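Coordinate inspection notes
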Amino acid sequence: MRNLVKDKTIIDLGAGTGILGIGALLLGAKKVTFLEKDETAINTLKHNLEKMNEIYELPEHEIIHGDVSEARGKYDLVIMNPPFGTQVKRIDSIFLSKAFNLSSNVISIHKTSTKEYIKKYYSENKYELIDMFNFKYPLKKLFEHHDKPVKIIEISGFMGTKK
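The structure presented is a predicted model; accordingly, all values stated were derived computationally and were not measured.

1. Things to note about the pattern of salt bridges
Under the criterion given, the structure shown has seven salt bridges. Between Lys-51 and Glu-54 there is a salt bridge; the shortest N-O distance is 3.9 Å. Taken together, the residues Lys-51 and Glu-54, both in helix α2 (residues 39-55) and three residues apart, mark about one turn of the helix. Its relative accessible area of 41% is what places Lys-51 among the partly exposed residues. The exposure class assigned to Glu-54 is exposed, which follows from its relative accessible area of 59%. Across the salt bridge formed by Lys-120 and Glu-124, the nearest N and O atoms sit 3.7 Å from each other.

2. Remarks on the packing of aromatic side chains
Here the structure, examined in full by the defined rule, presents seven aromatic pairs. Each ring, one from Phe-133 and one from Phe-135, has its centre 6.1 Å from the other, and the planes form 15 degrees; the classification is stacked. In this structure Phe-133 comes out as partly exposed when scored by relative accessible area, which is 28%. The exposure class of Phe-135 is partly exposed, given its relative accessible area of 29%. Within the aromatic cluster, the residues linked to one another by ring pairs are Phe-100, Tyr-117, Tyr-121, Tyr-122, Tyr-127 and Phe-158.

Analysis parameters
Residues numbered from 1 in each chain as written. Predicted model: local features only at pLDDT ≥ 70, side-chain atom pairs only at ≥ 80, totals over all residues. Heavy atoms only, no water. Salt bridge = Lys/Arg side-chain N within 4 Å of Asp/Glu carboxyl O. Helix = DSSP H or I, 4+ residues; strand = E, 2+ residues; numbered from the N terminus. Buried < 20%, exposed > 50% of the residue type's maximum accessible area, 1.4 Å probe, protein only. Phe/Tyr/Trp six-rings, centres within 6.5 Å; stacked < 30°, edge-to-face > 60°.

Everything listed here is a matter of coordinates, which is why it stays silent on function.
Shown next as structure tokens:
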């Protein structure tokens, strides 16, 4: 993780059930702030943190119930798997814009089909991409607009730092 996690303050924007932020805690983050607006996701996040605390002594963390627009402060790193911007056009760029205001280091996950747009967005905001990775993700049917029980989607991750 290029020394971006251990002993660092991190915010997980749109934390959902907390998988990214919990991963950061397990990798030695100093503190992780989970920001999520969906109450159901927060309940699952709390449950996941409780279960992990039964096994590991997790570092300091907090949950903020709110919209991404409400995020404040400065962090060593922002991590996020924002909405992909396919249902609500360019919502991913709202998350990226907020992330760029919160930290000089951002790791984000997006649909591969938006890869060129995301690369350009990082560049236009004076962030150098220091790593990119691709993987396939099995997305379970969670919303009305999902048409299959499981759909494999192509995902790209971006790790950028302020130039």
